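# Structure at a glance
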Amino acid sequence: GAVVSQHPSWVICKSGTSVKIECRSLDFQATTMFWYRQFPKQSLMLMATSNEGSKATYEQGVEKDKFLINHASLTLSTLTVTSAHPEDSSFYICSAYRAGIEQFFGPGTRLTVL
Amino acid sequence: QKEVEQDPGPLSVPEGAIVSLNCTYSNSAFQYFMWYRQYSRKGPELLMYTYSSGNKEDGRFTAQVDKSSKYISLFIRDSQPSDSATYLCAMRTKTSYDKVIFGPGTSLSVIP
């Protein structure tokens with residue numbers, strides 16, 4: 001099966017700092033990756049679609065200057081939470097699309113902003 | 001009406017029971033249907049993937065799609081404690097691979 005990794009798995013930061021989360025497809029090339037946010041006991045909320053070599057497409061209500069997405073290669077997408085605040089604390093999950101086999105998800109990154 | 005609805009549970013069953021998880025949807029254009037399993041504090045794992053109507057079996061898991069009723073199901077036979085997780089249904093239209101709609105998830109506990 002396809003493997004998607006995320007790093008770090010857990011991060012604690014102070015309010016006002018920026019945090020970068022990496023998403024990698026380990027055994028296939030992903031032209032499209034997705035970033036989701038999930039609050040406790042709630043479903044996945046799509047934040048943005050990341051396409052290799054082009055600007056990310058953000059969902060309505062998601063601040064693109066707050067959540068910077070870069071998809072520099074076919075196996076790596078990064079999400080940077082800029083000037084993080086406690087309300088940004090959440091579980092962030094990426095997925096990579098593999099044609100014909102749908103999305104494969106990473107293990108998630110738990111962000112806690114103090 | 002939400003696009004995809006799913007009973008949130010929690011659902012608690014004894015080990016060995018047959019579990020039925022269900023989703024209903026409103027968009028008749030949906031043609032691809034998926035079931036994901038998510039353990040606590042982990043990313044979702046793709047369990048089953050079906051196209052259009054019909055049944056698909058994989059080990060103890062059977063996915064069923066009834067497009068006429070806009071209803072999909074996941075059956076788990078001989079449930080095990082390791083099946084305890086949240087199960088998310090997901091679906092999309094034929095061309096919109098980037099617009100997958102997820103259900104809210106059903107929390108399942110299998111009691112030894």
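Scroll up to find the structure.
Residues numbered from 1 in each chain as written. Chains lettered and ligands numbered in written order. Predicted model: local features only at pLDDT ≥ 70, side-chain atom pairs only at ≥ 80, totals over all residues. Heavy atoms only, no water.

## Quick notes on the state of the cysteines
Note the cut-off: What counts as a disulfide here is a pair of cysteine sulfur atoms lying within 2.5 Å. Each helix corresponds to a stretch of at least 4 residues labelled H or I by DSSP, and each strand to a stretch of at least 2 residues labelled E; elements are numbered beginning at the N terminus. The cut-offs for exposure are 20% and 50% of the maximum accessible area for each residue type, with area from a 1.4 Å probe on protein chains only; residues under the lower value are buried, those over the upper are exposed, and the others partly exposed.
According to the stated counting rule, one finds 2 disulfides over all chains in the structure shown. Covalent S-S linkage joins A:Cys23 and A:Cys94, the inter-sulfur distance amounting to 2.0 Å. Given an S-S torsion of about 80°, the disulfide between A:Cys23 and A:Cys94 has right-handed geometry. Pair noted here: A:Cys23 is in strand 3 (residues 19-25) and A:Cys94 is in strand 9 (residues 90-98), with a separation of 71 residues, a long-range link. What makes A:Cys94 buried here is its relative accessible area of 0%. Disulfide pairing is shown between B:Cys23 and B:Cys89; the S-S distance is 2.0 Å. On the S-S bond that ties B:Cys23 to B:Cys89, the torsion sits near -100°, and the link is left-handed. One end of the pair, B:Cys23, is in strand 3 (residues 19-25); the other, B:Cys89, is in strand 9 (residues 85-93), with 66 residues separating them in the sequence. B:Cys89 carries the same exposure label as B:Cys23, and that label is buried. A:Cys94 supplies the cysteine sulfur nearest to A:Cys13, a cysteine that is in no disulfide, at a spacing of 18 Å.

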